[in-house]
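Listed below, chain by chain, are the residues.
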Amino acid sequence: MPSTSMIEDRGEIERRRFEYLDHPADIQLHSWGTTIERAFEACLVSMFGYMTDLEKVEEQYEFYWKVSGDSMDGLLFQFLDEALNSFHAEPCFVAKRVEIMRFDKEKLEIDFRGWGESFDTSKHETEADIKSPTYSNMQIIEKSDRCDVYVIVDI
């Protein structure tokens, strides 16, 4: 099975609700969902999927986060960055699945959790090191029946 970041089958891409778009120096994550919550969740899973093959990640435990922002773009940045910090520091958590439990658009706050495990180099391969999400060309496009999110991450 190809790694999460190498899948090119359009049916599989539609099922998982994210894809990776080329960028001259970095990588652009494109995710979507029927709501902004589902699009954000898929974006976070895509970020973890770019760093390691999610097929090898087991849902061993839950990890909880709470973030806030000063704008919708800032909230998306914090959402990704907080989870990325949990990957780069103990417990080196990588999520295979993510759920937003509370999304407050007025207060710009999100409570969310992920299911996964601690990254283990004897089990998981490092495919790329994402240093940070960026605000460069960040887009959140909300329509009545779909939301698309675009984020360039620094690798």
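Residues numbered from 1 in each chain as written. Predicted model: local features only at pLDDT ≥ 70, side-chain atom pairs only at ≥ 80, totals over all residues. Heavy atoms only, no water.

Named according to an unreviewed UniProt entry, the protein is Protein archease-like originating from Caenorhabditis nigoni. Under Sequence similarities (unreviewed entry), UniProt gives the following word-for-word description of the protein: "Belongs to the archease family." (UniProt positions renumbered as here; feature names shortened; annotations may be inferred.)

This paragraph deals with the sheet that holds strand 5 (residues 109–118). Taken together, three strands build an open sheet; the order of strands is 3-5-4 and the sheet is antiparallel. Here the strands that pair on one side only, and so sit at the sheet edges, are strand 3 (61–68) and strand 4 (93–104). Ignoring strand direction, the axes of neighbouring strands in this sheet form an average angle of 25 degrees. Across ten bridges, strand 4 lies against strand 5 in antiparallel orientation. Bridging across to strand 5, alanine 95 finds its partner in glycine 116. Where helix 2 (residues 36–51) meets the sheet, its contacts fall on strand 4 and strand 5, and the angle it forms with strand 4 comes to roughly 160 degrees. Seen against the sheet, helix 3 (residues 72–88) touches strand 3, strand 4 and strand 5 and runs at an angle of roughly 145 degrees to strand 3. (Pairing = 2+ DSSP bridges. Helix = DSSP H or I, 4+ residues; strand = E, 2+ residues; numbered from the N terminus. Axes fitted to C-alpha atoms, helices over the stretch in contact; angles between N-to-C directions. Contact = heavy atoms within 4.5 Å.)

Inspection of the secondary structure puts glutamate 117 in strand 5. Only 3.2 Å separates the side chain of glutamate 117 from the side chain of histidine 124, close enough to count as a polar contact. In this structure glutamate 117 touches Lys56, Val57, Glu58, Gln60, Tyr61, Cys92, Phe93, Val94, Lys123 and His124, once residues within four positions along its chain are discounted. (Polar contact = N/O pair within 3.5 Å; in protein donor to acceptor, adjacent residues only side chain to side chain.)

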